[in-house]
Amino acid sequence: MKMHRFEEIWLVLAAGVIILSMVVTGYQTFALGMGPPSNKETIDPQKVDETAPFDEPGVYQIGENEYEVVMTLQIFSFNPGDIEIPAGSTVHFTMTSKDVVHGFQVAGTNLNAMVMPGHIQKITQKFDKPGEYLVLCNEYCGSGHQLMSTTITVK
Amino acid sequence: MMKAIRSIHAPDAKLTMAHMYVAFAALFVGASMGLLQTLERSGKFTLPFGIGYYQILTVHGVVLGLVLTTFFILGFMVAVQSKTAGKYTSGERKWGWAGFWMMTTGVITTTIFILLNEASVLYTFYAPLMAHPGFYIGLTLVIVGSWLEGFVIFRRHARWRKENPGERTPLLSFMAVITMLMWLIATIGVAATVLLQFIPWSLGLVDSIDVLVSRTLFWYFGHPLVYFWLLPAYMAWYAIIPKIVGGKIFSDSLARLSFILLLLFSIPVGFHHQLTEPGIDPFWKYMQVILTFLVVIPSLMTAFSLFATFEARGRELGGKGLFGWVKKMPWKDVRFLAPFIGMLWFIPGGAGGIINASNQMNQVIHNTIWVTGHFHLTAATSVILTFFGIAYWLVPSVTGRKLTAKMNRLGIIQTIVWSVGMAIMSGAMHWQGLLGGPRRSAYSEYLGNADTAAWGPYQLAQAVGGSILFIGMIIMLIIFVNLAFFAPKGEEEFPIAEVSEDAGETPKVFENWKLWIGVTVALILFAYTIPFIDIIQNAPPGSKGFRLW
C-alpha cells in the first residue's frame, strides 16, 4: 500500500505528538503521583454507619497543617458540611456513599472524584488560598441533586 | 411533470425511509426537550405541570443519543449498501423489517416508562438508581433489533463477495460492515449488564447489584457508542463528499485502513469515562488512556485524506496558490456545506476529547458541563450536520424526488443557524465547565456564593444558543417533510465517489475478517481481562435499588 509523501510526514508528526502525550501523562501519573483518584478499599454499603472510620465522620487533625476529612455522602448532603481549615493545610478526604453514586467536586480546585456505594474513595488537596470554596455533587443522584452542596472555608 | 425515479430498489427505499421517519420524529422530541433544559437552567423559567428537569433530560438523552442516531445510521447504511452492493433479497429485507419493528417497539416501551416518570435515571441509567423494568426491557429490544439489521448488512456483504470472487468489495458496504461489527461487539457489554444485572434486579429476582461491574460494562459499550455515531459520518466524508465536489476518493486502501484502526481502538478504552472512580487499578486506567490516544491516528488520517481530496479537486478547477482551491469548493451546495462545516467543528471537538481522555487532566473537567459542551460539538454538530447533509440528497433520492433550489437555500440557512446556535451554547458550556459548573444538574444557586454567581451569564448564553438550535431543528424538519412528501417528483443523484487513478491497489488482507475480529477481541481481552477480574474478585457487597425522583 503506497502512501503520499506528505501523508507520511503528517502521520509521523501526529504519532510523535501522541507518543509525547503518553510519556508526559505517564510520568505525571506514576512518577509525580498526579493520577486521578483510584482508591481500591471497599465497604458494605448497607453498614456505613457502623463501619470505622465512617461511624464518626468529621475533620481530624493528623499532623502539622495536615487534616483528614472522613466524609459520608448521601441524598442530598455531605457529612460533615461547612468545613473550616487553616490556609496552607493539606487535606486528605476519605469518602464513601450511603446510597447511590455521588460526585465530590470543589469548584476552583482539581478536587473531582466519584464516590460510589461499596467503595472508599480518597483524594488529597493543599489549600493555600483563603476563601470559601463550593463543594457540590456532580453525579446525578435524584430529584434533589442540584441542592447537594456545602462549603470548605479556608482561613 | 417528471416521473419519480428512485435511486435504489423501491422496497429497500421504503425500509430506509421507515428509519428516517422515526429518526426525525426523535429529533423533534429530543431537541424540544433540549430547549426546555437550557431555559430551565437559565433560572428564568420554571417547567410547567410539575415536569421534572431530570425526566426531560432522560428523554433528551435516550431519544437523541440512542434513537435518532441508531435509526438514522441503520437507514443510511441500508441505502448505501443497497446502492453499492445491490438490492437485498426479500428474505434479508424481512429480517431488516423485523429489526426495525423490534427497535421501534423498544423505543415506544422505554418512552412510555420515562413519560410515566418511572425511569428518570438519565440515558446512562447508573445503578443503584433503579428504573421500572419496562425501561430496561425497551432498551434491550432496541439493541436486539439493531443486531438483526446488523446481520442483514453482514449477509449482504458476504453475498456480494460470493457473487464477485476476488474483486474489491464496494467501499461503503465494507465500511457499513465495520460499523456494525463494532456496534455488535460493543453492545454485548450493555446487553450483559441489562440482561444479567438490571432486569433481574429491577424485577426483584435479586436483591442487590454490583455498581462498579455495571458501570464498567456500560462504558465498555459507551465509548464505542460515540464511534458508532461517528463512523457513518466518516463514510459520507470518505466516499460521498468527494463525488459532490466532483473529485475522487484519495485512496481506497487508506479509507479501509482507517476504518479497521477505528474498529480496533474504539472499544478497549471505556475506562477513560471512569478515570475518577474508585476500585479500578490506576495502571489499567492508564493503559486504556494509551489505547484512547491511538484513535487519534485514524482520525488524523481521515483529516488528511479529506483535505487532499478537496485540494486536488480545487486545483483541477484552476485554484492557484496555497489556498486558491478553497474558492473552488461548491459552497452553495448544501450537500457539501453542511458536512464540511461539520468537519470543521470536529477540530475543536476532537481536541477537547483528547483533554477529556488525558488521565489526570480529566479531573479538571469530569462531570462538569464542559463534557456536555464537548459532545454537543462532536455528536450534535459534526455528526448531526453530516447526517443532515446526507438527508438533503438521500431522502429525495430514494423517494424519487428532487432537492429543489429553495430547499437547498433553506438547508444553507439551517447549517448557519445550527452552527451559530451551537457555537454559543457549546462555547458557554465549555467555559462554565472550566469554572466548575456541573453537568446534568437542574438550575441551582447552591449556597449563593461567588462561584455560582459567575456561572449565571454562561447559563443565559446556553439558553440563547438552545433557542437558536430549536429554530434550526424546526427548519430541518420543514426540509425533511418537504423532501419526503412534497418536493417535485424526479431523479436526485445518489452520490458515490470513485477511487482516484493515482491510488494504489487495495491489499487483500483488509477483507480478512477473521484477522480483524481476532485482533479486536485480543485488544479487548488485553485491556479488560485483568482489571475486570480484579473488580469482580474485590467486589464489595452489592447495593439495593433506589428510586429518588
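Residues numbered from 1 in each chain as written. Chains lettered and ligands numbered in written order. Predicted model: local features only at pLDDT ≥ 70, side-chain atom pairs only at ≥ 80, totals over all residues. Heavy atoms only, no water.

K.L.:
Even after reading the chapter, I still don't get the overall build of chain B, so can you show me in this structure?
P.N.:
In terms of regular secondary structure, chain B is built from 16 helices and zero strands. The buried share of chain B, reckoned over its 549 residues, is 66%. Of note, chain B has its 38 positive side-chain charges centred 8 Å away from the centre of its 26 negative side-chain charges. (Helix = DSSP H or I, 4+ residues; strand = E, 2+ residues; numbered from the N terminus. Buried < 20%, exposed > 50% of the residue type's maximum accessible area, 1.4 Å probe, protein only. Lys, Arg positive; Asp, Glu negative; His and termini not counted. Charge placed at Lys NZ, Arg CZ, Asp CG, Glu CD.)

K.L.:
Would you take a moment to explain helix H9 (residues 282–294) of chain B for this structure?
P.N.:
One turn of the α-helix equals 3.6 residues, which is why residues spaced by three or four share an orientation. In this model, H9(B) (13 residues) spans 19 Å end to end at C-alpha, consistent with the 18 Å of a helix rising 1.5 Å per residue. Most of H9(B) sits inside the fold, with 10 of its 13 residues counted as buried. Regarding H9(B), the residues found buried are Trp284(B), Lys285(B), Tyr286(B), Met287(B), Gln288(B), Val289(B), Ile290(B), Leu291(B), Thr292(B) and Phe293(B). Against the buried residues of H9(B) lie helix H1 (5–31) of chain A together with helix H8 (252–265), helix H10 (296–316), helix H11 (334–357) and helix H16 (513–537) of chain B. (Expected span 1.5 Å × (residues − 1). Contact = heavy atoms within 4.5 Å.)

K.L.:
In this structure, what is going on with the sheet that holds strand E10 (residues 149–154) of chain A? I would like to understand it.
P.N.:
All names here are of chain A. Judged by pairing direction, the sheet is mixed, and its five strands sit side by side in the order E4-E10-E9-E6-E7 without closing on themselves. Two strands lie at the open edges of the sheet, namely strand E4 (83–85) and strand E7 (112–115), each paired on one side alone. Across the sheet, the axes of successive neighbouring strands diverge by a mean angle of 20 degrees, strand direction being ignored. The pairing of strand E9 (residues 131–136) with E10 spans six bridges and is antiparallel. Note that in E10 the partner of Gly 131 across the bridge is Val 154. (Pairing = 2+ DSSP bridges. Axes fitted to C-alpha atoms, helices over the stretch in contact; angles between N-to-C directions.)

K.L.:
Please clarify how the pairing of strand E6 (residues 102–106) of chain A should be interpreted in this entry.
P.N.:
Moving residue by residue along a regular strand, the side chains alternate between the two faces of the sheet. Residues and elements named next belong to chain A. Where burial is concerned, most of E6 is hidden: five out of the five residues are buried. Of the two faces of E6, the one carrying His 102, Phe 104 and Val 106 and the one carrying Gly 103 and Gln 105 are both buried. Of the pairings in the sheet, the one linking E6 to E7 comprises four bridges and is antiparallel in character. Bridge assignment links His 102 to a residue of E7, and that residue is Val 115. Remark: five residues form the turn of the hairpin made by E6 and E7, two consecutive strands paired antiparallel; Gly 108 in that turn has positive phi of roughly 85 degrees. Looking at chain direction, E6 and E9 are connected through two bridges and run antiparallel. Counterpart to Gln 105 in the pairing with E9 is Leu 136.

K.L.:
Is there a simple way to think about empty space enclosed by the protein in this case?
P.N.:
Over the atoms, a rolled probe matching the size of one water molecule traces out where space is still vacant. Enumeration over the complete set of coordinates arrives at seven cavities of 30 Å³ or more. Taken as a whole, the largest cavity encloses approximately 160 Å³ of empty space. Mapped onto the lining of the largest cavity, the elements with two or more residues apiece are helix H2 (53–84), helix H4 (133–163), helix H5 (171–202) and helix H6 (211–239) of chain B. Among the elements that take part in the lining of the largest cavity, H5(B) stands out by supplying five residues, more than any other. Of the residues contributing to the lining of the largest cavity, the split by class is 13 nonpolar, two polar and no charged. The calculated volume of the second largest cavity comes to roughly 70 Å³. For the second largest cavity, the full set of lining residues is Val100(A), Val101(A), Glu139(A), Tyr140(A), Val121(B), Leu122(B), Thr124(B), Tyr126(B), Ala127(B), Pro128(B), Leu129(B) and Arg440(B). Of the residues belonging to the lining of the second largest cavity, the class tally is nine nonpolar, one polar and two charged. (1 Å grid on protein atoms, 1.4 Å probe; cavity = no way out; pocket = protein on both sides within 12 Å on 5 of 7 lines; lining within 4 Å. Points joined across faces, edges and corners; volume = space filled by probe spheres on them. Nonpolar A, V, L, I, M, F, W, Y, C, P; charged D, E, K, R; others polar.)

K.L.:
Got a minute to help me understand the interface of chain A and chain B in this structure?
P.N.:
Where interface size is given, it is often the accessible area lost as the parts come together that is meant. On the side of chain B, 74 residues touch chain A, which itself brings 66 residues to the contact. Surface buried jointly by chain A and chain B totals about 5600 Å² across both partners, of which 65% is contributed by carbon and sulfur atoms. Inspection of the region where chain A meets chain B yields three salt bridges. A salt bridge links Glu139(A) to Arg215(B); its shortest N-O distance comes to 3.6 Å. Here chain A and chain B share 25 residue pairs in polar contact (both at pLDDT 80 or more) between them. Going through the elements one at a time, H1, E7, strand E8 (121–127), E9 and E10 of chain A are the ones with two or more residues in the side of chain A that touches chain B. In terms of residue count, the dominant contributor to the side of chain A that touches chain B is H1(A) (15 residues). (Buried area = accessible area lost by both parts, 1.4 Å probe. Salt bridge = Lys/Arg side-chain N within 4 Å of Asp/Glu carboxyl O. Polar contact = N/O pair within 3.5 Å; in protein donor to acceptor, adjacent residues only side chain to side chain.)

K.L.:
Quick question: what am I supposed to make of the packing of aromatic side chains here?
P.N.:
The geometry of an aromatic ring pair is captured by two quantities: the separation of the ring centres and the angle between the planes. Residue and element names in this part refer to chain B. Scanning the model with the defined rule gives 51 aromatic pairs over all chains in all. Between Tyr 446 and Trp 455, the ring centres sit 6.1 Å apart and the planes meet at 90 degrees, which makes this aromatic pair edge-to-face. Grouping aromatic residues by their ring pairs yields a cluster made of Tyr 123, Phe 125, Tyr 126, Phe 135, Tyr 136, Trp 183, Phe 198, Trp 201, Phe 218, Trp 219, Phe 221 and Phe 228. Taking the ring centre of Tyr 126 as reference, the NZ or CZ of Arg 215 above it sits at 4.2 Å. The positively charged end of Arg 256 is found above the aromatic ring belonging to Phe 174, 4.8 Å away from the centroid. (Phe/Tyr/Trp six-rings, centres within 6.5 Å; stacked < 30°, edge-to-face > 60°. Lys NZ or Arg CZ within 6 Å of the ring centre and 35° of its normal.)

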